[in-house]
Amino acid sequence: ETIKSELVDYVVAGYAENSFRELIIDLLNFRKLTRAISGIYSKEENYEVPSDIKITYTDTPKNYRDLEWNAIPYHKINIDNYINPATQRVIYVTQYGCPAKCTFCATPETRKWAEKPIELIKKDLLHLYEATKFKQLVFFDATLFTRKNRVKEIVEFLSAEFEDISWVADARAMELKNFTVEDLMEINKSNLKLKHLTVGLESGSNRIAEEIYKKGKGHCDNYLGMAEKLSQANIQLTSGCIFGAPTETADDLYETLEFVSKVKKIHHD
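Bear in mind that the values here come from a model prediction, so they are computed numbers and not experimental data. One numbering rule holds for all chains: residues counted from 1, following each sequence as written. Local features in this predicted model are restricted to residues whose pLDDT is 70 or higher, and side-chain atom pairs enter the listing and the counts only when it is 80 or higher, whereas totals over whole chains, interfaces and linings include all residues. Side-chain measures were taken over the full set of non-hydrogen atoms in the model, leaving aside hydrogen atoms and water.

A. Broad picture of the packing of helix α8 (residues 219–232) against helix α9 (residues 250–266). A fitted line through C-alpha atoms serves as each axis, taken over the contacting stretch for helices, and the angle formed by two N-to-C directions is quoted from 0 to 180°. Each helix corresponds to a stretch of at least 4 residues labelled H or I by DSSP, and each strand to a stretch of at least 2 residues labelled E; elements are numbered beginning at the N terminus. Where α8 contacts α9, the two axes come as close as 9 Å, and the packing angle between them is 25 degrees. Relative to α9, the element α8 lies roughly parallel. Once α8 is placed against α9, the crossing between them reads as right-handed. Contact with α8, carried on its side by Cys 220, Tyr 223, Leu 224, Ala 227, Glu 228 and Ser 231, involves Phe 259, Lys 262, Val 263 and Ile 266 of α9 and no other residues of that element. Of the residues that constitute the contact of α8 with α9, the class distribution is seven nonpolar, one polar and two charged. Here roughly perpendicular refers to angles of 65 to 115 degrees, roughly parallel to angles under 35, roughly antiparallel to angles over 145, and oblique to all remaining angles. Rotating anticlockwise by less than a right angle from the far helix to the near helix defines a left-handed crossing, while the corresponding clockwise rotation defines a right-handed one. The contact rule is simple, with two residues in contact once any of their heavy atoms fall within 4.5 Å. Ten residues, namely Ala, Val, Leu, Ile, Met, Phe, Trp, Tyr, Cys and Pro, are considered nonpolar, four, namely Asp, Glu, Lys and Arg, are considered charged, and the remaining ones, Gly among them, are considered polar.

Listed below in structure tokens is the structure:
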């Protein structure tokens, strides 16, 4: 639909980092696309018959775990233009996509779940710190806590390399049920403050959460257990709700409000 617009020459779909670079190389050298590049939509126009447009597209690799990962070239920009000196906060992504299948989210359809190699993450963060001396690190992953050992390795690295910084991340209640209070206390190190975790509640109605949003069986129970553990580990909890789902009733809405009150009693932050 987009590539058919007369205002558009190319569309880059899926994982764009490498395919966009290859497209730019062709445009710089030849002023047009000269080869098949995965994820690129292009069109060939017959100028004798302007309405005659041929759309070409090359599929992206089906195995998203075989991506070509590269270090982020922070040195190519004036990074000071992107840092608020009042917060010294930076954003970094350690994995793409999300293994969850929540029906309200486009992520599972547009970017399949794939993790960056740990060594590349370490290299990127060292370069980012060298460039910014950041004080707060925001992991902008759809969810960071999918694998416990991976989270612990990242935290150990941060704790060893950087002093007096804080961090925030997103997680799922289903994932955090695999973490004990002791695990979370260890992650929330004294020299590496986990400022808060964002964990989506979406709905306190079991029916809406499980049948409509597909948050997983036992989502609400998992959420209450997670809130209790975060409270004991002294980690602030941030969340959100979605109202107006298909088939949602006033009773479902009030059930969610009651559930939020229950969470607040468990987790006082």
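B. Spatial organisation of the nonpolar core. Nonpolar core, defined: a set of buried Ala, Val, Leu, Ile, Met, Phe, Trp, Tyr and Cys residues in which side-chain atoms within 4.5 Å join the residues together. With a 1.4 Å probe rolled over the protein chains alone, any residue whose accessible area is under 20% of its type maximum counts as buried; one over 50% counts as exposed, and the rest are partly exposed. Counting residues in hydrophobic clusters, the biggest one holds 45 residues, and the most contacted among them are Phe 145, Trp 167 and Leu 197. Counting residues per element, this core draws most heavily on α8, which supplies six residues. Excluding residues within four positions of it along the chain, Trp 167 makes contact with Leu 137, Phe 139, Leu 144, Phe 145, Val 155, Ile 187, Leu 192, Lys 193, Leu 194, Lys 195 and His 196.

C. Spotlight on α8. For α8, built from 14 residues, the straight-helix expectation of 20 Å at 1.5 Å per residue is met to within 8% by its first-to-last C-alpha distance of 20 Å. Of all the positions in α8, only His 219, Cys 220, Asn 222, Tyr 223, Leu 224, Met 226, Ala 227, Lys 229 and Leu 230 are classed as buried. Contact partners of the buried residues in α8: α5 (173–176), α6 (181–187), β9 (192–199), α7 (206–212), β10 (236–238) and α9. A positive backbone phi angle near 60 degrees is found at Asn 234, which sits one or two residues after α8. Take the residue count of a helix, subtract one, and multiply by 1.5 Å to get its expected span.

The analysis is restricted to geometry; functional conclusions fall outside its scope.
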